[in-house]
Amino acid sequence: MLKDNCETIAAISTPMGEGGIGIVRMSGPKSFDIAQKIFRPKVKRPFCDLKNRTLYLGNIIDSKGEIIDEVLLAIFKAPYTYTREDMVEINCHGGLASQKRILSCILDMGARLAEPGEFTKRAFLNGRIDLSQAEAVIDIIRAKTDRALAAANRKLKGDFSKKIEQVRSRLLDVMAHIEANIDFPEEDIPEADPVYIKGEITEALNITEELINNIGAGRILNEGLSTLILGNTNVGKSSLLNALLQEERAIVTDIPGTTRDIIEEYIDICGIPIRIIDTAGIRQTADEVEQIGISRAMKYLEEAELVLLIIDISRKLTEDDLNLINLIKDKTVIVVINKVDLPAAVDDEEIKALLSEARFVKISALKQEGIEELKNTIYEVISDKMGFISDEGIITADERQRRVLDESRKFLEGALAAIDRGMPIEMVEIDIRDAWEKLGEITGDTISDEIINTIFQKFCIGK
Ligand SMILES: Nc1nc2c(ncn2[C@@H]2O[C@H](COP(=O)(O)OP(=O)(O)OP(=O)(O)O)[C@@H](O)[C@H]2O)c(=O)[nH]1
Ligand SMILES: [Mg+2]
């Protein structure tokens with residue numbers, strides 16, 4: 001596998017913008033050499049005598065000897081570092097100019113700018129962590145709630161990889177058993193035992209399926225459940241968004257068609273991130289901008305995992321409402337009956353008859369009543385949908401990992417079907433090998449450089 005770590009890389013690891021401190025990092029063989037050239041420690045000690053993993057106060061100077069910034073610098077000697085290479089971290093003042101000048105000094109001295117995720121990629125290429133652990137690092141950075149963070153940490157610890165390895169080693173044993181039989185058929189080795197093989201594959205399939213189920217919940221923890229607030233104009237969609245967020249995020253007016261664009265925010269419901277999306281009110285309209293907003297809302301509807309359909313109880317149902325109800329028949333829906341502080345113009349039963357499968361919650365977005373009950377209902381619906389049993393099993397995973405598991409499951413099912421049909425054992429082995437190889441794409445044992453590069457592209461620079 002490609003090992004492109006002979007170069008020294010550098011990047012600003014903290015977000016761009018003003019902050020208390022900024023961190024510039026380096027990794028690779030020239031890190032100490034470069035640091036020595038640009039750092040003047042306050043302690044009167046040669047650079048080679050600086051202690052490992054210790055912060056030293058000093059100045060970064062440019063090639064003309066001018067001070068760029070007063071910093072704290074630490075050296076980390078290989079192999080016990082994030083990347084397993086020599087590393088340097090410079091804590092400077094968190095201003096753009098300071099961080100950029102320090103970085104450009106380092107680059108002038110022969111380092112090159114790190115690609116996104118390259119520090120973590122090196123940790124993987126140098127064998128400190130496997131691929132699924134490397135990917136857990138992004139999950140940790142992106143975690144939006146405590147539960148999401150805990151799940152990502154379990155993955156970083158290696159829980160996911162261990163499960164995958166369990167399945168793979170089982171499959172390897174079965175392959176060894178089959179090979180022994182194929183290679184030395186006339187010797188005194190017992191014939192390939194279909195009962196044993198079937199039992200092992202079934203167990204491997206069970207673990208894979210369990211992982212697929214747990215990943216469903218993990219994906220929601222990772223990305224948030226996409227929840228669309230949908231309804232006619234003026235029913236109080238943006239008011240509900242604001243009530244859920246406890247801030248005046250969206251503009252609310254009594255003019256129908258106020259919201260045009262999509263507004264997305266995250267809320268935390270019992271540790272589950274909910275990606276809540278406010279949309280333009282759905283109605284027949286001649287207004288061009290509003291129409292664009294409506295078609296955006298419709299696009300989001302395709303992907304939405306949960307729809308909060310808002311009905312204004314103070315108004316009679318219109319044709320627009322009825323059309324909308326037809327559009328969301330196949331979705332998971334919570335009907336939110338809003339404006340219960342006003343006299344009712346529609347009967348609850350009339351609405352319930354139209355969407356018999358859905359849950360109903362009555363609220364007043366204006367008076368902030370019923371919001372807790374709505375949150376509880378959202379939580380119950382998600383728990384049902386995702387089968388949240390215990391947090392321990394939940395694994396955060398991305399689309400790639402999900403696809404790998406899905407394909408592995410198909411190979412294992414293929415192997416079982418081949419046994420049942422009495423196919424030659426060599427044919428069964430092909431499916432087993434395919435599943436074994438596929439699963440290796442999660443830990444990174446069997447994966448192309450190209451896929452590895454795409455995975456790390458998703459990281460931020462400096463990680
Ligand atoms: N009385 C009462 N008025 C409400 C309630 N919720 C919203 N409103 C009012 O209804 C009007 C419309 O509210 P919005 O939140 O802008 O409605 P919307 O569905 O986002 O409207 P569009 O963006 O135009 O589709 C505003 O005047 C709100 O103050 C409520 O629970 N009770
Ligand atoms: Mg609105």
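Cut-offs applied
- Once a new chain begins, its residue numbering starts again from 1 and follows that chain's sequence as written.
- Both sets of labels track the order of writing: A upward for chains, 1 upward for ligands.
- Confidence filtering applies because this is a predicted model: local features only for residues at pLDDT of at least 70, side-chain atom pairs given and counted only at 80 or more, and all residues used for totals across whole chains, interfaces and linings.
- Values reported for side chains reflect all heavy atoms of the structure, with hydrogen atoms and water molecules removed beforehand.
- Burial classes follow relative accessibility: with a 1.4 Å probe on protein chains only, a residue under 20% of its type's maximum area counts as buried, one over 50% as exposed, and anything between as partly exposed.
- Helix and strand assignments follow DSSP, with helices taken as H or I runs no shorter than four residues and strands as E runs no shorter than two, numbered in order from the N terminus.
- Residues are classed as near a molecule or strand on a simple rule: at least one heavy atom within 4 Å of it.
- The definition of a polar contact used here is a pair of N or O atoms within 3.5 Å, where within protein one atom must be able to donate a hydrogen and the other to accept one, and adjacent residues in sequence count solely through side-chain atom pairs.
- Detection works on a 1 Å grid of protein atoms alone, calling trapped sets that fit a 1.4 Å probe cavities and calling open sets with protein on both sides within 12 Å along at least five of seven lines pockets, with lining residues defined by an atom within 4 Å of a point.
- Being in a pocket or cavity means that more than half of the molecule's atoms lie within 2 Å of its grid points.
- Three categories are distinguished: nonpolar for Ala, Val, Leu, Ile, Met, Phe, Trp, Tyr, Cys and Pro, charged for Asp, Glu, Lys and Arg, and polar for the others, with Gly belonging to the last.
- Grid points are joined across faces, edges and corners, and a volume is the space filled by probe spheres set on the points.
- Any N, O or S atom lying within 2.8 Å of the metal counts as a donor, with the limit raised to 3.2 Å for Na, K and Ca; because water is left out of the atom set, some sites can appear incomplete.
- Here the bounds of each domain stem from an automatic or database domain assignment.
- We call two residues in contact whenever any of their non-hydrogen atoms come within 4.5 Å of each other.
- When two parts are brought into contact, each loses some accessible area as probed by a 1.4 Å sphere; the total of that loss over both is the buried area.
- For this analysis, a salt bridge means a side-chain nitrogen from Lys or Arg found within 4 Å of a carboxyl oxygen belonging to Asp or Glu.

Looking now at helix H8 (residues 237-245). Across the nine residues that make up H8, a large majority, nine, are buried. Taken residue by residue, H8 has Lys237, Ser238, Ser239, Leu240, Leu241, Asn242, Ala243, Leu244 and Leu245 as its buried positions. Once H8 finishes, Gln246 follows within two positions and takes phi at roughly 60°, a positive value.

Turning our attention to the site of ligand 1. Every one of the 23 residues lining ligand 1 counts as a neighbour, but Lys237, Ser239, Gly257, Thr258 and Asp341 are closest to it. Side-chain polar atom of Asn338 to an oxygen atom of ligand 1: 3.1 Å apart, as the coordinates give it. With respect to ligand 1, the backbone of Leu366 contributes an N or O atom lying 3.1 Å from an oxygen atom. Among the detected pockets, ligand 1 sits in the largest pocket. By residue number, the principal contributor to the shell around ligand 1 is H8, which donates three residues. For the shell around ligand 1, the per-class residue count stands at seven nonpolar, twelve polar and four charged.

Inspection of the entire model under this criterion finds two cavities of 30 Å³ or more. If you go around the second largest cavity, the residues you meet are Val235, Ile311, Asp312, Arg315, Lys316, Leu317 and Asp321. The class makeup of the residues in the lining of the second largest cavity is three nonpolar, no polar and four charged.

This brings us to the coordination of the magnesium ion (ligand 2). Summarising the metal site, the magnesium ion (ligand 2) is bound by the protein donors Ser238 (OG) and Thr259 (OG1), whose distances to it range over 2.0 to 2.1 Å. Of this pair, Ser238 sits in helix H8 while Thr259 sits in the loop between H8 and strand E9 (263-269), placing them 21 residues apart in sequence. Judged on exposure class, the residue Ser238 and its partner Thr259 are both buried.

This part takes up unusual backbone geometry. Of note, the bond from Ala78 into Pro79 is cis; its omega dihedral lies within 30 degrees of zero at 5°. Assignment of secondary structure puts Pro79 in the loop between strand E5 (67-76) and strand E6 (87-94). One non-glycine residue, Gln246, adopts positive backbone phi at about 60°. One can find Gln246 in the loop between H8 and E9. Here Gln246 falls in the exposed class, since its relative accessible area comes to 58%.

Turning our attention to the domain arrangement of the chain. Examined at the domain level, the chain breaks down into domain 1 (9-130), domain 2 (143-220 + 398-444) and domain 3 (226-386). For domain 2 versus domain 3, the separation of C-alpha centres amounts to 43 Å. Taken together, the contact between domain 2 and domain 3 spans eight residues of the former and ten residues of the latter. Regarding the contact of domain 2 and domain 3, the summed buried area is about 790 Å², with carbon and sulfur atoms giving 61% of it. For the pair domain 2 and domain 3, the number of links is one salt bridge. Among the salt bridges present, the one from Arg219 reaches Glu305, with a minimum N-O distance of 2.2 Å. Summed over the shared surface of domain 2 and domain 3, the result is four residue pairs in polar contact (both at pLDDT 80 or more). At the level of elements, helix H5 (146-157) and helix H7 (194-223) are the ones that each hand at least two residues to the side of domain 2 that touches domain 3. The residue inventory of the side of domain 2 that touches domain 3, partitioned by class, reads three nonpolar, two polar and three charged.

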